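In case you want the letters, here they are:
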Amino acid sequence: MTASLRNWQRRCIDTALKHFLSTSHFFCQATPGAGKTRMAAELARCLLDQGKVDLVLCFAPSRQVVEGFRSTFSAVLGKRLDGLIGSVGGAYTYQAMEYRDEIFWRLLEDYRVFVVFDEIHHCAGHDPLLSNAWGQQILQRIQDRAVFTLALSGTPWRSDDRAIALARYLSPEGQLICDYRYGLQEAIADGVCRSPRILLLDNQQVALTEAVETESTVRLFPSIAELLGESPVTYEDLLRHDEVIEQLLALGIDKLDMLRRSQPEAAGLVVATDIAHAQQIAQALDARGESWCIVTNKTPNAQQVINAFRHSDCRWIVAVGMISEGTDIPRLQVCCFLSRIRTELHYRQVLGRILRRMGEADDQAWLFMLAETTLRRFAERIADDLPKDLAVLRQVPMNAAGASPASGSKEVDSSADGSNDGYCEQHLEASPGTYTLGDFSNEPSYYVSFSQHYRQLLLTCI
């Protein structure tokens, strides 16, 4: 076994090899950034060297993650994983499964195949009626035909509460069974992952001005959470507010400047809501003299843009739906979270993008976001690698058509059970800003402005 493997990877591989003596499926939950892909590649090498498998197939949720699998597996195995003649197998997206022909699937009949599923929580399965398209392909095409299967996940639960394909659950509690688990606190203690520092930005005096024709009224709110809970202003409205963007970016830029004194290659990620929002953020970065690039699902050659950023000196990458899961850019050490998506699964995957360590000196990762109630709950429980109220299989109600709700159709709103390890309140110098809601003359218009009294809540994992 390769000497450079981490201890947890060695232990996991040993456990899996023993497990495969009696059971064909193995489920590994390891915190984002811990090195699951490398572990899976080394496990595949062991099975090939022992003559237990002939081919390796990998499936992942996105093209950039698939490219990472091909690269890592090829380096470890010394053979290509491109699915062409002479290769040891192939790596594909989950979306591509339904477009593979019968000749492809016959490989599982004619050869001993080891199949790896990355971020398996994307695939709902167990009962065909409660499976999504990807889960159905696994159940019908792979489950009983592969000689061994490995499921990987850093966040092994689904927002729609459906069962994960190939997963096992305790009955009647419905608790997910993991064959090997490696949590964030373990990874930080081992020096595998950075320790996250999560800073929530709030304001002690938010003014909401309502204008109707020639009259206007002003309401004051002592926090962003109360503004969102007691006014027409939405969380997404604030994400597009120029001053909110400026304040969060200022915090991120200051922290990145500090980190680059000892880590000159360190970089930052801004998670945007949509393409127009990404462009707004890029303009704000440009105005501050920051170097940046944008990558979205509409970006031509998006993978090449990501690869170029990975090895460049560019300070910021602004992303929409592209760098939230499985993407390996170790120099990312700061993140400004400006996404409208508020599920714990997405939040943790984004945080995972800045947890990968490069060396001994980069032991901290910094995430900046608004002090919105749901996000604060997620931050307070980030030390729980497998939240008990999420990694439990619940009964999913069927609708009139006999189908279950769509994946990701609701937002997680869970009780906080973490701890606040540190609190810091500061006043930041800033000029008040305004933001307008309402575009019709016969409807009231709302203007949001912030006082100079900003405060910061700092949460740490360890």
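Residues numbered from 1 in each chain as written. Predicted model: local features only at pLDDT ≥ 70, side-chain atom pairs only at ≥ 80, totals over all residues. Heavy atoms only, no water.

> For this particular structure, what's the right way to read the sheet that holds strand S14 (residues 316-320)?
Across a sheet, strands are paired by hydrogen bonds formed along the backbone, either parallel or antiparallel in direction. Spatially, S13-S14-S12-S15-S16-S9-S19 is the arrangement adopted by the seven strands of the open sheet, whose pairing is mixed. Each having just a single partner strand, strand S13 (292-296) and strand S19 (454-460) make up the two edges of the open sheet. Each adjacent strand pair in this sheet contributes to an overall mean axis angle of 20 degrees, direction not counted. With five bridges connecting them, strand S12 (residues 267-271) and strand S15 (residues 332-337) associate as parallel partners. Looking across to S15, one finds that Val 270 is bridged to Cys 336. The sheet strands contacting helix H11 (residues 275-287) are S12, S13 and S14, and the helix crosses S13 at an angle near 175 degrees. Packing of helix H13 (residues 344-352) onto the sheet brings it into contact with strand S9 (195-203), S12, S15 and strand S16 (364-370), and relative to S15 it is tilted by some 145 degrees. (Pairing = 2+ DSSP bridges. Helix = DSSP H or I, 4+ residues; strand = E, 2+ residues; numbered from the N terminus. Axes fitted to C-alpha atoms, helices over the stretch in contact; angles between N-to-C directions. Contact = heavy atoms within 4.5 Å.)

> Can you help me understand unusual backbone geometry in this one?
Only a minority of non-glycine residues have a phi that is not negative, and only a minority of peptide bonds are not trans. Of note, Glu 119 is a non-glycine position whose phi angle comes to about 50 degrees, a positive value. Tracing the backbone shows Glu 119 in the loop between strand S4 (113-117) and helix H6 (133-142). For Leu 166, which is not glycine, the phi dihedral falls at a positive 70 degrees. Relative to the assigned elements, Leu 166 resides in the loop between strand S5 (148-153) and strand S6 (168-169).

> Teacher, can you tell me more about the packing of aromatic side chains here?
In this description, an aromatic ring pair is defined by two values, namely the gap between the centres and the angle between the planes. Following the criterion strictly, the structure yields 16 aromatic pairs and no others. Judged by centre distance (6.2 Å) and plane angle (20 degrees), the ring pair of Phe 59 and Phe 117 falls under stacked. Of this pair, Phe 59 sits in strand S2 (residues 55-60) while Phe 117 sits in strand S4, and the two are 58 residues apart along the sequence. Ring centres of Phe 337 and Tyr 347 lie 5.8 Å apart, and the angle between their planes is 75 degrees; this geometry places the pair in the edge-to-face category. Pair noted here: Phe 337 is in strand S15 and Tyr 347 is in helix H13, with a separation of ten residues, a long-range link. With respect to class, Phe 337 is no different from Tyr 347; both count as buried. One aromatic cluster is present, built from ring pairs that chain together Phe 59, Tyr 92, Phe 104, Trp 105 and Phe 117. The ring of Phe 104 carries Arg 100 above its face, with NZ or CZ at 4.5 Å from the centroid. (Phe/Tyr/Trp six-rings, centres within 6.5 Å; stacked < 30°, edge-to-face > 60°. Buried < 20%, exposed > 50% of the residue type's maximum accessible area, 1.4 Å probe, protein only. Lys NZ or Arg CZ within 6 Å of the ring centre and 35° of its normal.)

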